[in-house]
Amino acid sequence: AHDLLLESQWSGASLKTMVERELDPYRREGGPKILVKGSDVLLPPQCTSILAMTLHELATNAVKYGALSSNTGQLGISWKTARGNRLLLTWEERAANITPVPARRSSGFGMQLIDKGIRHNLGGDTKVEFRPTGLYVELNVPLEPSKESRTKSQKAATEPV
C-alpha cells in the first residue's frame, strides 16, 4: 500500500494494481483460478492502507482455509463504484475441499480487524458470510471518508498508546 502511495506521490493508489500485487504470489499454472473484475479506481490515501490490510487478511485466510488452499479453488474479486462516491467490492471463494471454519473463526482477530477498519476508520459497511462453498465478503466503502470517520481517525492518531 505504501509503495503504491509513494509511486503516486501520496495522491492515491490504484485498486486494480493493489489487488493484482496481493494475489500475484498465488497465481501459478494448475493452481486455483483467480478472477479479478472491475474498472480501475483511484483509492484516496486514507482508504489505501485499510483496504490493503483487508485484502491481505482475506488472501491469507483463503490460503489457510479456503479457495487458495487447493488447486481446484476459485476466487472471484469484483468491484464497482456506486452513487455517493462509494466502492462496492465483493470477494467470493469457491472450493470443493475447503477446511470447515469453526464458529469461533467468524469473529476471529482477522475478521474483527476487517470490520473495525472498514466500519470505524472509513465509515463503511461489511457483510461476511461463511457459505458451504466458501467465504463471501461484501465491502461498501465511501471513497471520501465522512466527517465523523475523519474525526475518529484524527482522534485515534493523537491518543497516547
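To be clear, the structure that these remarks concern was listed above.
Notes on the structure in this doc start here. Computed from a prediction, not measured in an experiment: that's the story for all the values here.

Comments concerning the nonpolar core
Reasoning step 1: The biggest cluster of nonpolar side chains holds 33 residues, and the ones touching the most others in it are Leu15, Leu23, Leu51 and Trp91.
Reasoning step 2: Top element by residues in this core is helix H3 (residues 45-65). It accounts for 8 residues.
Reasoning step 3: Excluding its chain neighbours within four sequence positions, the residues that come into contact with leucine 23 are Ile34, Val36, Ala59, Leu75, Ile77 and Trp91.

A look at the packing of aromatic side chains
Reasoning step 1: The full count for this structure, using the stated rule, is 0 aromatic pairs.
Reasoning step 2: Over the ring of tyrosine 136 we find arginine 131, and its NZ or CZ is 3.8 Å from the ring centre.

Considering the packing of H3 against helix H4 (residues 109-122)
Reasoning step 1: Viewed as axis vectors pointing N to C, H3 and H4 meet at an angle of 160°, and their least axial separation amounts to 10 Å. Judged on the interaxial angle alone, H4 and H3 are roughly antiparallel. In this structure, H3 meets H4 at a crossing whose hand is left-handed. Facing H3, whose interface residues are Gln46, Cys47, Ile50, Leu51, Met53, Thr54, Glu57, Leu58 and Asn61, H4 presents Gly110, Met111, Leu113, Ile114, Gly117, Ile118, Asn121 and Leu122.

Details of the packing of helix H2 (residues 15-23) against H3
Geometry of a packed helix pair, given as the angle between the helix axes and the separation of the axes.
Reasoning step 1: Two elements in contact, H2 and H3, have axes separated by 10 Å at closest approach and are oriented at 30°. As the angle between them shows, H2 and H3 are arranged roughly parallel. When you trace H2 past H3, the crossing you get is right-handed. Where H2 abuts H3, its residues Met18, Val19, Glu22 and Leu23 lie against Thr48, Leu51, Ala52, Leu55, His56 and Ala59.

Quick notes on the rules
Residues numbered from 1 in each chain as written. Predicted model: local features only at pLDDT ≥ 70, side-chain atom pairs only at ≥ 80, totals over all residues. Heavy atoms only, no water. Core = buried A, V, L, I, M, F, W, Y, C linked by side-chain atoms within 4.5 Å. Buried < 20%, exposed > 50% of the residue type's maximum accessible area, 1.4 Å probe, protein only. Helix = DSSP H or I, 4+ residues; strand = E, 2+ residues; numbered from the N terminus. Contact = heavy atoms within 4.5 Å. Phe/Tyr/Trp six-rings, centres within 6.5 Å; stacked < 30°, edge-to-face > 60°. Lys NZ or Arg CZ within 6 Å of the ring centre and 35° of its normal. Axes fitted to C-alpha atoms, helices over the stretch in contact; angles between N-to-C directions. Parallel < 35°, antiparallel > 145°, perpendicular 65-115°, else oblique. Left-handed = near helix turned anticlockwise from the far one by under 90°.

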